[in-house]
Amino acid sequence: MPASVDFRPAADRGVTTTPWLQSRHSFSFGDHYQPDNTHFGLLLVNNDDIVSPRTGFDTHPHRDMEILTWVLEGELTHQDSAGNNGTIYPGLAQRMSAGSGILHSEKNDSPTQPVHFVQMWVIPDETAITPSYQQVEIGNRLDNVGLVTVASGIPGRDAALTLHNRAAALHVARLRAGDSVDLPPAPYLHVFAARGRLAVEEEGELGEGDAARLTGGDGRRLTAQQPAEVLVWEMHAKLGG
């Protein structure tokens, strides 16, 4: 597979705005359908959401989806029909496997502070698995320079969360200005600048909300030009084979 990098500016994302929500979509989502932008590799959804105080997503269904939520600011309260509940905050990794079917809600219970988070979806290897939920505190691991593996289904990989897809892993790094990390070699990499500004070795720059889609990855280096937080999907397959 020839190596290539496709930069996707933040300003090109679809935007859903309601009185309580601002959601920016890296891929087709809801009313924002683009037939040439439905996914990359195994990643179907990368939504950058801000939810106003005392509002949120009412109870709604999901099925056959691995849903990862990463909070940047504020707190998000999760409840689901399997009896799971928890409050997600910066540094707490969360995964919900919708499997055979689950109902859940996501609320911002703060009376004053918005919650800002990124939600990402990938399809599991098997359909109709038993729904499950995980949340793990990993904030202290982010103090060291390097990519921290938040979730993985790749055999032999150590990760905070289990992902029910054997060809995918999510990594995160918090970087000071001047810090660098090496991207994992993989056929498909999705690099999302959640905060700050980064340089992709020999390719270009990513500002806040920008993404880069790398194919034929050969372990390029990311360098923070200012304090940054980056989410990296490592994928060894794509939808449809």
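One can find the structure itself at the top, above this paragraph.
The notes below deal with the structure included here. All values reported here derive from a predicted model rather than from experimental measurement.

**Thoughts on the overall build of the protein chain**
Helices and strands together make up the secondary structure of the protein chain, namely zero helices and 22 strands. Since a compact globule built from 241 residues should have a radius of gyration of about 18 Å, the 17 Å found for the protein chain is in line with a globular shape. A burial count over the protein chain gives 51% of its 241 residues as buried. Counting only contacts in the protein chain whose residues sit at least 6 apart along the sequence, the fraction spanning at least 24 positions is 73%. Surface accessibility of the protein chain: about 10400 Å² in total, with carbon and sulfur atoms responsible for 47%. Computed over 18 positive and 30 negative side-chain charges, the separation of the two mean positions in the protein chain equals 0 Å.

**Things to note about the nonpolar core**
Counting residues in each nonpolar core, the largest one holds 30 residues, and the members touching the most others are Leu 68, Trp 70, Met 120, Val 150, Leu 231, Trp 233 and Met 235. Mapped by element, the contributors of at least two residues to this core are strand E6 (66-73), strand E11 (115-122), strand E13 (148-152), strand E15 (168-175), strand E17 (188-195) and strand E22 (228-235). Excluding residues that lie within four positions of it along the chain, Met 120 makes contacts with Leu 43, Val 45, Asn 46, Glu 66, Ile 67, Leu 68, Trp 70, Leu 170, Leu 231 and Trp 233. Counting residues in hydrophobic clusters, the runner-up holds 18 residues, among them Val 191, Ala 193, Leu 206 and Ala 212.

**A short note on the pairing of strand E8 (residues 85-88)**
Residue alternation in E8 divides its side chains into a buried set, Gly 86 and Ile 88, and an unburied set, Asn 85 and Thr 87. Alignment of strand E7 (residues 76-80) against E8, held across four bridges, turns out to be antiparallel. Within E8, the position partnered with Gln 79 by the bridge is Asn 85. Remark: four residues form the turn of the hairpin made by E7 and E8, two consecutive strands paired antiparallel; Gly 83 in that turn has positive phi of roughly 90 degrees.

**A few points about the sheet that holds strand E12 (residues 132-137)**
Taking strand neighbours across the sheet as the criterion, the seven strands line up as E2-E3-E4-E11-E6-E9-E12 in an open arrangement whose pairing is antiparallel. A single partner strand is all that each edge strand has here, and the edge strands are strand E2 (14-17) and E12. Within this sheet the neighbouring strands show an average axis-to-axis angle of 20 degrees, counted without direction. As paired elements, E6 and strand E9 (residues 92-97) share four bridges and run antiparallel to each other. Bridge pairing in E9 places Leu 68 opposite Arg 95.

**Here we look at the sheet that holds E8**
Across the sheet, four strands lie side by side as E5-E10-E7-E8; this open sheet has antiparallel pairing. With partners counted over all chains shown, the strands left at the sheet margins are strand E5 (55-62) and E8, one partner each. The mean angle between the axes of side-by-side strands here comes to 15 degrees, regardless of whether they run parallel or antiparallel.

**Remarks on the side chain of Asp 210**
Residue position: Asp 210 is located in the loop between strand E19 (204-206) and strand E20 (211-215). For the buried Asp 210, no salt bridge exists, and the shortest N-O distance to an oppositely charged side chain is 5.4 Å, to Arg 197. Within the structure, the side chain of Asp 210 is placed 2.7 Å from the backbone nitrogen of Gly 207, a separation counted as a polar contact. Residues within four places of Asp 210 in sequence aside, it is in contact with Arg 8, Pro 9, Ala 10, Val 191, Phe 192 and Ala 193.

**Observations concerning the pattern of salt bridges**
Counted by the stated rule, this structure contains 13 salt bridges. Residue Asp 6 pairs with Arg 8 through a salt bridge whose shortest N-O separation is 2.9 Å. Accessibility expressed as a relative area gives 29% for Arg 8, which makes it partly exposed. Here Arg 220 makes a salt bridge to Glu 203, at a shortest N to O gap of 3.1 Å.

**Considerations on the packing of aromatic side chains**
Summed over all chains, the structure comprises three aromatic pairs. Ring centres 5.1 Å apart and planes at 80 degrees place the aromatic pair Trp 20 and Phe 57 in the edge-to-face group. Of this pair, Trp 20 sits in the loop between E2 and strand E3 (21-25) while Phe 57 sits in strand E5, and the two are 37 residues apart along the sequence. For the pair Phe 40 and Tyr 188, a centre-to-centre distance of 5.8 Å together with 80 degrees between the ring planes defines the contact as edge-to-face.

**Re the environment of Glu 202**
Mapped onto the fold, Glu 202 is located in the loop between strand E18 (198-200) and E19. Glu 202 sits 192 residues away from Ala 10 along the chain, and the two C-alpha atoms are 20 Å apart.

**Remarks on the side chain of Thr 77**
With respect to the helices and strands, Thr 77 occurs in strand E7. Of the polar contacts made by the side chain of Thr 77, one reaches the side chain of Asp 109; its length is 2.9 Å. Sequence-distant contacts of Thr 77, that is, excluding residues within four places in its chain, are made with Gly 86, Thr 87, Ser 105, Glu 106, Lys 107 and Asp 109.

Reading guide: rules and limits
- Residues numbered from 1 in each chain as written.
- Predicted model: local features only at pLDDT ≥ 70, side-chain atom pairs only at ≥ 80, totals over all residues.
- Heavy atoms only, no water.
- Helix = DSSP H or I, 4+ residues; strand = E, 2+ residues; numbered from the N terminus.
- Rg over C-alpha atoms; globule rule 2.2 N^0.38 Å.
- Buried < 20%, exposed > 50% of the residue type's maximum accessible area, 1.4 Å probe, protein only.
- Contact = heavy atoms within 4.5 Å.
- Areas by Shrake-Rupley, 256 points an atom, 1.4 Å probe, with all protein chains shown as cover.
- Lys, Arg positive; Asp, Glu negative; His and termini not counted.
- Charge placed at Lys NZ, Arg CZ, Asp CG, Glu CD.
- Core = buried A, V, L, I, M, F, W, Y, C linked by side-chain atoms within 4.5 Å.
- Pairing = 2+ DSSP bridges.
- Axes fitted to C-alpha atoms, helices over the stretch in contact; angles between N-to-C directions.
- Salt bridge = Lys/Arg side-chain N within 4 Å of Asp/Glu carboxyl O.
- Polar contact = N/O pair within 3.5 Å; in protein donor to acceptor, adjacent residues only side chain to side chain.
- Phe/Tyr/Trp six-rings, centres within 6.5 Å; stacked < 30°, edge-to-face > 60°.

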